[in-house]
Amino acid sequence: MSDDIKAQCRKYIFETYARTPVAFVRGEGCRLWDDTGKEYLDFLAGIAVCSLGHCHPEVTRAIVENAGKLVHVSNLFYTYPQVQLAAELTRLSFADKVFFCNSGAEANEAAIKLARKYSRDRFGPDRFHVVTMKNSFHGRTLATLSATGQSKVQKGFEPLVEGFVYADFNSIPAVEAAITEKTCAVMVEPVQGEGGLNFPAPGYFRELKALCRERNLLLIVDEVQTGLGRTGTLFAHEQEDIKPDMMTLAKAIANGLPMGVMLATDEVSGSFSPGTHATTFGGGPLVASAALASLRILSNPDFLRKVRENGSYFMERLEGLKNRYSFVKQVRGRGLLIGLELGIPGARFVQKCLERGAVINCTHETVLRFVPPLIVGRDDIDRLIEILDGIFAEESDETRPALNS
Ligand SMILES: *Cc1c(COP(=O)(O)O)cnc(C)c1O
């Protein structure tokens, strides 16, 4: 990478990201190329965004065709791709209606606003608290960072938006203790992605749904990361055998173009009447066309079966590494949302992977996170395991006391 781009980035762009010194210039499938021509195997997919791989031909075709036809007209008018996408999303989910926006945070913001409005319409003004989980992640706008149960996201931006109460994830008694007469909703991720890849205990979501029904609370699932095939079913909550009242989507929906969606049942959606909520760009024809093309592939049952099979295969191979290296503590995953918990910090392995031509990520200090494009093949998985094996072997050599000294 040239020093020039680094210096210019530093000079002209807010330094809100700790960037890795690589400048990518091209992508295809599970491969990326940097500006020196070096090739990388991508097991991050733009953080669970490019699920169909980079520049998937069908998504590219939708973008190219619509870029030359109609890009934006405003939601004051009807556009065909938006309505077709909404029909498809409701056909494929519990939801009856959708609201389109431009990011995960905005989708969650819309869900929080709708929960408050619905509760006010139905129960009066005093009921507006939302129970969220410790270690959750819901976004960086003021309301969504207030909803996020991690102080590192909130620090410096106080006062927080009022009305969020945090409970331990995976604990029904903790949610019960957090509920008061002011509570209107519970908001939760099916798997905590940014919080270190925490999976729900069997039956947790069924109990949570029953509790919400009993107390007249809305259940909002944040599927911004888990949605659209990532865990091996189109939506992760399907595996918990529950129907939420609201769901949010973003990351993978348009395979890299920005889009967020808030979905709800007819019962709840009526509280957003004309003029109550809006966004200029939401669901425009270009991005909606890309999302339609993506959704057609992501929702295919054969595609989803392959995600589950390749996920299982990947986890088996990671278990193999766990058996060989004592600092590898646990493999956890569902579909192709997979974490490797280490007993030591993971950042240097991310760096070493990059040097050897693989892009991975580390969350919560010690969890290596793998969210490859869902089209990843067994040969790609084998290659990544080989790279990890090499790196882990070096680590063992470095930490093992020298024999003949
Ligand atoms: C990424 C993420 C968000 C935020 O999405 P943005 O598009 O970055 O605003 C919200 N919730 C979850 C679970 C996420 O993984």
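Per chain, residue numbering runs from 1 following the sequence as it is written. Residues qualify for local features only when their pLDDT is at least 70, as the model is predicted, and side-chain atom pairs are given and counted only at 80 or more; totals for whole chains, interfaces and linings, by contrast, use all residues. Think of the side-chain values as coming from all heavy atoms in the structure, minus any hydrogens and water.

(A) Expanded view of the overall build of the protein chain. A tally of helices and strands in the protein chain yields 14 helices and 15 strands. In this treatment the radius of gyration is a C-alpha quantity, and the globule benchmark scales as 2.2 Å times the residue count to the 0.38 power. Relative to the globule expectation of 22 Å for 405 residues, the C-alpha radius of gyration of the protein chain, 22 Å, shows essentially globular dimensions. Judged by the C-alpha coordinates and their principal axes, the protein chain covers about 75 × 55 × 45 Å. Scored against the burial criterion, the 405 residues of the protein chain give a buried share of 55%. Each helix is a run of H or I in the DSSP string that is no shorter than four residues. Each strand is a run of E no shorter than two, and both are numbered from the N terminus. Only protein chains enter the accessibility calculation, which uses a 1.4 Å probe; a residue is then buried when its area is under 20% of its type maximum, exposed when over 50%, and partly exposed in between.

(B) Quick peek at the side chain of K209. Mapped onto the fold, K209 is located in helix α9 (residues 204–214). Of the polar contacts made by the side chain of K209, one reaches the backbone oxygen of K243; its length is 2.9 Å. Contacts between residues were defined by any pair of non-hydrogen atoms, one from each residue, lying within 4.5 Å. The residues contacting K209, other than those within four sequence positions of it, are L219, I242, K243 and D245. N or O atoms closer than or at 3.5 Å make up a polar contact, with two conditions inside protein: a donor-capable atom paired with an acceptor-capable one, and, for residues adjacent in sequence, both atoms drawn from side chains.

(C) Just the state of the cysteines, in detail. In this description, a disulfide is simply a cysteine sulfur pair whose atoms lie within 2.5 Å. Scanning the entire structure with this criterion turns up zero disulfides. The cysteine C55 is free of any disulfide, with C50 supplying the nearest cysteine sulfur at 8.1 Å. Free of any disulfide, C184 has its nearest neighbouring cysteine sulfur in C212, separated by 11 Å. With a relative accessible area of 1%, C184 lands in the buried category.

(D) Up close: empty space enclosed by the protein. The way it works is a 1 Å grid over only the protein atoms, where trapped points that fit a 1.4 Å probe form a cavity and open points with protein on both sides within 12 Å along at least five of seven lines form a pocket, and then any residue with an atom within 4 Å of a point lines it. Grid points are joined across faces, edges and corners, and a volume is the space filled by probe spheres set on the points. This structure, assessed with the given rule, holds one cavity of 30 Å³ or more. For the largest cavity, the calculated volume is near 50 Å³. Note that Gly is not counted as nonpolar here; it falls among the polar residues with everything else outside the nonpolar set of Ala, Val, Leu, Ile, Met, Phe, Trp, Tyr, Cys and Pro and the charged set of Asp, Glu, Lys and Arg. When the residues that make up the lining of the largest cavity are grouped by side-chain class, the tally is four nonpolar, nine polar and no charged.

(E) Quick look at the nonpolar core. Here the nonpolar core consists of buried residues drawn from Ala, Val, Leu, Ile, Met, Phe, Trp, Tyr and Cys, with membership extended through side-chain atoms lying within 4.5 Å. Counting 81 residues, the largest nonpolar core has V175, F314, L318, F370 and F392 as its most contacted members. The element best represented in this core is helix α11 (residues 285–298), accounting for eight residues. Other than its neighbours up to four places away in sequence, F314 contacts F43, L336, I338, F370, I381, L384 and I385.

(F) Representation of the pairing of strand β10 (residues 260–264) within the structure. Taken across its five residues, β10 has five buried, putting it largely inside the fold. Neither face of β10 is open: one carries G260, M262 and A264, the other V261 and L263, and all of them are buried. One bridge is not enough; two strands pair if DSSP finds at least two bridges between them. When strand β9 (residues 246–249) meets β10, the two strands line up antiparallel, connected through four bridges. If you follow M246 over to β10, its bridge partner there is A264.

(G) Structural view of the sheet that holds β10. Read from one edge of the open sheet, seven strands run β4-β10-β9-β8-β7-β5-β6, paired in mixed fashion. Pairing within the sheet leaves two strands with one partner each, and these edge strands are β4 (97–101) and β6 (164–167). Across the sheet, the mean angle from the axis of one strand to that of its neighbour is 20 degrees, orientation sign disregarded. Where β4 and β10 come together, five bridges link them in antiparallel fashion. When the sheet's bridge partners are listed, C101 is paired in β10 with G260. Angles run from 0 to 180 degrees between N-to-C directions of axes, and those axes are lines fitted to C-alpha atoms, restricted for helices to the stretch in contact.

(H) Local environment of the sheet that holds strand β1 (residues 24–28). Across the sheet, four strands lie side by side as β1-β2-β3-β13; this open sheet has mixed pairing. Both edges of this open sheet fall to β1 and β13 (358–359), since each of them pairs with a single strand only. Relative to β13, strand β3 (residues 39–42) runs parallel, the two being bridged by two bridges. Note on β13: the bridge partner recorded for L41 is A358.

(I) Looking closely at α9. The set of residues buried in α9 consists of Y204, F205, L208, K209, L211 and C212. Angularly, the buried residues of α9 cover 160 degrees about the axis, an arc narrow enough to put them on a single face. Residues of α9 that are exposed and point over 90 degrees away from its buried face: R213 and E214. Check the buried side of α9 and you find it contacts β5 (129–133), α8 (172–178), β7 (183–188) and β8 (218–222). Once α9 finishes, N216 follows within two positions and takes phi at roughly 60 degrees, a positive value. The arc in question is traced by the directions running from the helix axis to the C-beta atoms.

(J) Highlighting the site of the ligand. What surrounds the ligand is the set S103, G104, A105, N108, F137, H138, E189, D222, V224, Q225 and K251. K251 places a polar side-chain atom, nitrogen or oxygen, 2.6 Å from an oxygen atom of the ligand. For the ligand, whose unbound accessible area comes to 380 Å², protein coverage reaches 80%. Counting residues per element, the shell around the ligand draws most heavily on helix α5 (residues 104–123), which supplies three residues. Per-class residue counts for the shell around the ligand are three nonpolar, five polar and three charged. Here a residue is near a molecule or strand as soon as one of its heavy atoms is found within 4 Å of it. Using a 1.4 Å probe, the Shrake-Rupley method yields the accessible areas, and only the shown protein chains count as cover for residues.

(K) Structural context of the pairing of β5. Judged by how many residues are buried, β5 sits mostly within the fold: five of five residues are covered. Sheet topology note: the β5/β7 ladder contains three bridges and is parallel. Bridged to V130 within β7 is A185. Bridging between β5 and β6 involves four bridges; their strand directions are parallel. Across the sheet, residue T132 finds its bridge partner in β6, namely Y166.

(L) Region of the structure containing the packing of aromatic side chains. Here the aromatic set is Phe, Tyr and Trp, taking the six-membered ring for Trp, and pairing holds for ring centres within 6.5 Å; pairs whose planes are under 30 degrees apart are stacked, those over 60 apart are edge-to-face, and all others are tilted. Evaluation of the coordinates by the stated rule reveals eleven aromatic pairs. Arranged with centres 5.6 Å apart and planes meeting at 70 degrees, the rings of Y325 and F392 form a pair that is edge-to-face. Pair noted here: Y325 is in the loop between α12 (301–324) and β11 (328–334) and F392 is in helix α14 (residues 378–399), with a separation of 67 residues, a long-range link. In textbook terms, an aromatic cluster arises when at least three aromatic residues are bridged by ring pairs, as seen for Y325, F327, F349 and F392. In this scheme, Lys NZ or Arg CZ marks a charge over a ring once it lies within 6 Å of the ring centre and within 35 degrees of the ring normal. In this arrangement the basic side chain of R26 is found over the ring face of W33, its NZ or CZ atom lying 4.1 Å from the centre.

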